[in-house]
Each structure stands twice: as structure tokens, then as C-alpha cells.
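# Observations on the model geometry
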Amino acid sequence: MDREGFRAYLKTRHATDDTIERSFGLAEAFERLTKTVVGRPAREATAACARSFVAALAGRGEATVDALLAVARYERFLGNRDAYLTLIETLDGHEVMGNLHQKVADEAGEALRDEAFSGVEIPEFDVSNLERARRMRVVAERLEILLGRNRAASIFGQGLRDLPNEAYVHERTLFEEAGGIDEYLRRKGDRFIAELREIRDQGSLYYTQPVTDEVIAYVEEHPEIRQGVRVGNVLVEAKIPYMAAAYLRESNAGRRAYLYCHCPWARESLQHDEKAVPRSFCNCSAAFHRKPYEVIFGRSLESRVLGTVLAGDPWCRFAITLPEGVA
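Here the structure is a predicted model, which is why all the values come from computation and not from measurement.

In terms of helices and strands, the protein carries 16 helices and 4 strands. In terms of C-alpha radius of gyration, the protein reaches 21 Å, essentially the compact-globule figure of 20 Å for 327 residues. Oriented by its inertia axes, the alpha-carbon framework of the protein measures out at about 60 × 50 × 45 Å. Of all 327 residues assigned to the protein, the portion counted as buried reaches 50%. At a minimum sequence separation of 6, the contacts of the protein that also span at least 24 residues come to 62%.

Okay, structure coming up:
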């Protein structure tokens, strides 16, 4: 293992010395597993090998965010896209069902929470996204029955991701530098396009997806994706497709919905199951879009779902209500 190269890479991720040492141990364990399972170095590890490693950690009770992130970073350092993406997608939103379990108890009591989750275990890291979606569909449907759709949507709309305010403080600084919401949005869009162009030129990834000229042109053509569109104190945003290049080439409506959806707790239900996760669950995504503006303005805001591919809409679109008089 190239310890010094990996150390330098981790330093660019602001890793502490303790984190770096733990990362070395996990990377070496992954190297040993890949050589045993597929007879290859970690640089050539398959997605299946990455899943086997997650299962091995989970079986020992050692599968944690920090552990999987360390190995994902090692695979990215090595340039192994398949293993890296497998680990990142395993990590993505893992906390959601556990947070929902707690929020339902807080809002509606433990007895109702236990009824909604009866027979449904909160999944460990080694549970597939298809199984995650199936479990979430059961719980979300039960909550709509037990609480009514609006109240269930309200709980989802509190946000189920772990999103610390500190992660968005820089956006508040950028807003203050812009001197107003419209200039902030314009600059936000410019930064997004510049980021996509840099990723295209480097041949790297935007989170989990490659970027092509067609993807950049698509984002440029749709201001709701590029930076958001403000009408009065309502800001409308839409998601970039999860796999935009493939989405733009696809003609089948069902497959396009699958390629558009970002949510690991819902996406697979669009491809494998007869019924999708209820659209009310997408209020969690609305909360994700709302979060930066709550930090920017230093207050709680409201958001709502305008459209979602879970309901057959072409896009996932959200409306965020900004403070009155925003300019």
C-alpha cells in the first residue's frame, strides 16, 4: 500500500492523524480481502468485493460511517470507481430510517411508532437499497394510514438526514458577499456550472455520476436546476438527475424516473416493485433543499413538494418559502 500517497490524499480531506492511522488499517484489511476473494489488488476490486467487505464488517459489528468512508476514500485514491461508488452508495443516507424511527416517537408517541415499524428492522449497512426501499414503503404507507397523509408528510418534511448547520455556514458567507438573494442565486448557478465543467475536464465524478457536455447543457437550459428560480418570496428548485448522462439518453419513462431519483430509500422501488414509496416521503428531499436557506437566514423555513418522479412527474421540484421582503 502506498501509505505516503494515501496519507497526502487524506490530508486534502482534512483527516486527523488518528483518522489517517485507522484508515491505513481498514485499507490494508480491504487489500487482504480482495486478494483472498478475487485474487486482485484493491485497485482492481469489484463492486461485489466491496459489498463483501461491508458484510464482513457488519457481521463483526464494525460497520460504521467512518470505517466505510475510510475504505471509500482509499478506493477513490486508487482510482477504482466501481468499488468507490458501491461504498458511497452504501453510506448515502444510511441514517434516514433510524432518524424517522425517533421522530415518529417524538411526534406521535412510542406506541404508534412501534405499530408503524412492526416487523420492520432498521437496516444495517449490508442491506441492499432495494430492501431499504421495501422497508421504507411499508413504514411510510403505515404512517399515512395511522397519522393521515398530511401529518406523515409533515414528519418526513422535518428532514431525516443528518445535516449539521456547520456544513452550510459558507453559503451564508456567500449570500452576504452577494448582497441579496438574486445575485446570490446567479453566482450559485455560475459556481455550479464551473464545478461541472471542471469535473468534466478532469474526468472525475459529480458525487456518483460522470459529467458530459450534454449534462452541462441540460443544466444550463433549466434554471430551476442550475440555481433555482425566485418568484416573490418563493424559491423553486429542481434536482439534477441522479445519473444525468444516462437519463438524457433514455426514452423509457419508467427507466428515466429511476435514473432521475436520488433517494436510496426510494429509487429501487421505481424499478423492481409494483408500488413506489409514497410521494409524501419526498418531503424529506424538500427539507434537504431547504436546509441551506435556513442557515443563510438563521430561521426555520417551510418547503413543499411540487412534483416527484415517485408520483409519475417528470422532475422532482420543491418550493421553499423565504422570509417576507427578501431581496
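This is not the end of the story, as more comes after the structure.
Once that is clear, we can look at the environment of Arg76. Of note, Arg76 is situated in helix α4 (residues 65-78). Classification of Arg76 by relative accessible area gives partly exposed; the value is 35%. Along the primary structure Arg76 and Ser204 are separated by 128 residues, whereas in three dimensions their C-alpha atoms are 10.0 Å apart. Not counting residues up to four positions away in its chain, the partners in contact with Arg76 are Tyr9, Tyr84, Ser204 and Leu205.

With that settled, the discussion passes to the packing of helix α11 (residues 181-202) against helix α16 (residues 283-297). Between α11 and α16, the least distance of the axes is 14 Å, while the angle of their chain directions is 135 degrees. Taken together, the axes of α11 and α16 are oblique relative to one another. Handedness of the crossing formed by α11 with α16: right-handed. Every residue of α16 that contacts α11 at Ile181, Tyr184, Leu185 and Lys188 is listed here: Tyr293, Ile296 and Phe297. Class assignment of the residues belonging to the contact of α11 with α16 gives a composition of 6 nonpolar, no polar and 1 charged.

Moving on, we get to the pattern of salt bridges. Under the criterion given, the structure shown has 24 salt bridges. Between Arg317 and Glu224 there is a salt bridge; the shortest N-O distance is 3.0 Å. Residue Arg317 is found in strand β4 (residues 317-321), and its partner Glu224 is found in helix α13 (residues 223-226); the two are separated by 93 residues along the sequence. Three or more residues joined by partner-sharing salt bridges are found here, namely Glu183, Arg186, Arg187, Asp190, Arg197, Glu220 and Arg226.

Evaluated as defined, the whole model comprises 14 aromatic pairs. With a centroid separation of 6.1 Å and an interplanar angle of 35 degrees, the aromatic rings of Tyr9 and Phe77 are classed as tilted. Of the two residues, Tyr9 is situated in helix α1 (residues 3-12) and Phe77 in helix α4; the sequence distance between them amounts to 68 residues. Ring plane angle 75 degrees and centroid distance 5.8 Å describe the contact between Phe175 and Tyr184, whose orientation is recorded as edge-to-face. Both residues of the pair, Phe175 and Tyr184, belong to the buried class. Among the aromatic side chains, those forming a connected cluster through ring pairs are Phe6, Tyr9, Phe24, Tyr74 and Phe77. In this structure, Arg132 is placed above the aromatic ring of Trp265, and the distance from its NZ or CZ to the ring centre is 5.2 Å. Its end group placed over the ring of Tyr242, Arg267 keeps NZ or CZ at 4.1 Å from the ring centre.

Attention now moves to α11. Over its 22 residues, α11 extends 31 Å from the first C-alpha to the last, a length consistent with the 32 Å expected when each residue adds 1.5 Å. Residues of α11 that are buried: Ile181, Tyr184, Leu185, Gly189, Phe192, Ile193, Leu196 and Ile199. Once α11 finishes, Gly203 follows within two positions and takes phi at roughly 70 degrees, a positive value.

Rules used throughout
Residues numbered from 1 in each chain as written. Predicted model: local features only at pLDDT ≥ 70, side-chain atom pairs only at ≥ 80, totals over all residues. Heavy atoms only, no water. Helix = DSSP H or I, 4+ residues; strand = E, 2+ residues; numbered from the N terminus. Rg over C-alpha atoms; globule rule 2.2 N^0.38 Å. Buried < 20%, exposed > 50% of the residue type's maximum accessible area, 1.4 Å probe, protein only. Contact = heavy atoms within 4.5 Å. Axes fitted to C-alpha atoms, helices over the stretch in contact; angles between N-to-C directions. Parallel < 35°, antiparallel > 145°, perpendicular 65-115°, else oblique. Left-handed = near helix turned anticlockwise from the far one by under 90°. Nonpolar A, V, L, I, M, F, W, Y, C, P; charged D, E, K, R; others polar. Salt bridge = Lys/Arg side-chain N within 4 Å of Asp/Glu carboxyl O. Phe/Tyr/Trp six-rings, centres within 6.5 Å; stacked < 30°, edge-to-face > 60°. Lys NZ or Arg CZ within 6 Å of the ring centre and 35° of its normal. Expected span 1.5 Å × (residues − 1).

Without other data, these values stay purely geometric and don't point to any function.
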